[in-house]
Amino acid sequence: MRRALFSLLLLWFFTAAAGPLPLATGEFSPYTGAALPDGGVASRIVRAAFLEAGYGEPQLQFLPWGRAYHLAETAQVAGTFPYAWNPERAKLFYFSAPIYIERIIWYTSRSNDKASKGEWHGLRVCVPAGWNTAHIDAEFKQYALRLEQPRELDQCLQMLDKGRVDLMAISDRVMDEASFRLFGEQWHFQPLPLHSHTNALYLIISRHYPEGQKLIEAFNQGVAALRVDGRYDRLME
């Protein structure tokens, strides 16, 4: 116990001496976004957890997701968030305790009777490039779904609206915000009752980042403290 505490204190000392902890994220409203209050819900949690762990204010960079991921993978920043777990990422990164748990809902356009009836065999699913698909692998296999991967979330939503794809599986909070922003209404698409589930999202730190595992441990302690005294729930509002 004393050795672990001493290691964390050393990590805090050297990080503080080196300046603000550099982190990269992207646009994923309401969780992250340069124009959102405090940088979004997830950014508030990450910032508060590091402050609780004894670090100063992290330096957040809002970048295209591919760039943020590359900087984290190559240890040019300390980490990136929020990311779902998959086996490929687990080989490259340490994963924190969950920042938050999201509810994943399948959606279709309101004019797509086939998808609405659950007749999904061979239908087209849109997932933005670089997004995790491990949590919907079972549906891909069960229905022989076909994957479309444009670069951005907005492109997926526009393709779904125009009938160029049939389905999307996405956080209900993310869908509500994006749908309102693009189409002026939260319920522009039809939520489906099939195959909904939860999905955890994490801070990830490269296995090549100096003292990366200890940094994850410090962050986890910060998140735990936020949960114990109720601040976590207030920050998620």
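Residues numbered from 1 in each chain as written. Predicted model: local features only at pLDDT ≥ 70, side-chain atom pairs only at ≥ 80, totals over all residues. Heavy atoms only, no water.

A word on the overall build of the protein
Item 1. Scanning the protein from terminus to terminus reveals ten helices and nine strands.
Item 2. For the protein, whose C-alpha radius of gyration is 19 Å, the value lies close to the compact-globule estimate of 18 Å for 237 residues.
Item 3. Counting only C-alpha atoms and orienting by the principal axes, one finds that the protein spans roughly 60 × 35 × 30 Å.
Item 4. Within the span of the protein, comprising 237 residues, buried residues form 48% of the whole.
Item 5. Within the protein, counting contacts between residues at least 6 apart in sequence, those at least 24 apart form 70% of the total.
Item 6. If you sum the accessible surface of the protein, you get close to 12000 Å²; carbon and sulfur atoms cover 53% of it.
Item 7. Side chains of the protein carry 24 positive and 25 negative charges; the gap between the two charge centres is 4 Å. (Helix = DSSP H or I, 4+ residues; strand = E, 2+ residues; numbered from the N terminus. Rg over C-alpha atoms; globule rule 2.2 N^0.38 Å. Buried < 20%, exposed > 50% of the residue type's maximum accessible area, 1.4 Å probe, protein only. Contact = heavy atoms within 4.5 Å. Areas by Shrake-Rupley, 256 points an atom, 1.4 Å probe, with all protein chains shown as cover. Lys, Arg positive; Asp, Glu negative; His and termini not counted. Charge placed at Lys NZ, Arg CZ, Asp CG, Glu CD.)

Details of the layout of surface pockets
Picture a little ball the size of a water molecule; that probe, rolled over the atoms, points out where space is still empty.
Item 1. Considered as a void within the structure, the largest pocket measures approximately 880 Å³ in volume.
Item 2. At the level of elements, helix H3 (65-73), strand S3 (79-83), strand S5 (100-108), helix H7 (153-162), strand S8 (168-171), helix H8 (172-183) and strand S9 (190-206) are the ones that each hand at least two residues to the lining of the largest pocket.
Item 3. Considering only residue class, the lining of the largest pocket consists of 22 nonpolar, seven polar and eight charged. (1 Å grid on protein atoms, 1.4 Å probe; cavity = no way out; pocket = protein on both sides within 12 Å on 5 of 7 lines; lining within 4 Å. Points joined across faces, edges and corners; volume = space filled by probe spheres on them. Nonpolar A, V, L, I, M, F, W, Y, C, P; charged D, E, K, R; others polar.)

Observations concerning the pairing of S3
For a regular strand, side-chain orientation follows a simple rule: the groups alternate between the two sheet faces.
Item 1. Counting buried positions along S3 yields five of five residues, so the element is predominantly enclosed.
Item 2. Bridge count between S3 and S9: two bridges; the pairing is antiparallel. Bridge pairing links threonine 80 to isoleucine 204 in S9. (Pairing = 2+ DSSP bridges.)

Observations concerning the packing of aromatic side chains
Item 1. Inspection of every chain in the model, using the stated rule, returns twelve aromatic pairs.
Item 2. With centroids separated by 5.8 Å and ring planes inclined at 35 degrees, the aromatic side chains of phenylalanine 28 and tyrosine 31 adopt a geometry described as tilted. Exposure class is identical for phenylalanine 28 and tyrosine 31. Each is buried.
Item 3. Summarising the aromatic geometry, the rings of phenylalanine 183 and phenylalanine 189 are spaced 5.5 Å apart at their centres and angled 90 degrees between planes, so their arrangement reads as edge-to-face.
Item 4. By relative accessible area, which is 24% here, phenylalanine 183 ends up partly exposed.
Item 5. Taking the relative accessible area as the measure of exposure, phenylalanine 189 reaches 1% and is therefore buried.
Item 6. One aromatic cluster in this structure is built from Phe28, Tyr31, Tyr100 and Trp131.
Item 7. Sitting over the face of the ring of tyrosine 232, arginine 227 holds its NZ or CZ atom 3.9 Å from the ring centroid. (Phe/Tyr/Trp six-rings, centres within 6.5 Å; stacked < 30°, edge-to-face > 60°. Lys NZ or Arg CZ within 6 Å of the ring centre and 35° of its normal.)

A word on H3
Item 1. Regarding H3, the residues found buried are Ala68, Tyr69, Leu71 and Ala72. Considered in projection along H3, the buried side chains sweep an arc of 165 degrees and stay on one side of the axis.
Item 2. Buried-residue contacts for H3 involve strand S1 (22-25), S3, helix H4 (87-92), strand S4 (93-95) and S9. (Arc of directions from axis to C-beta.)

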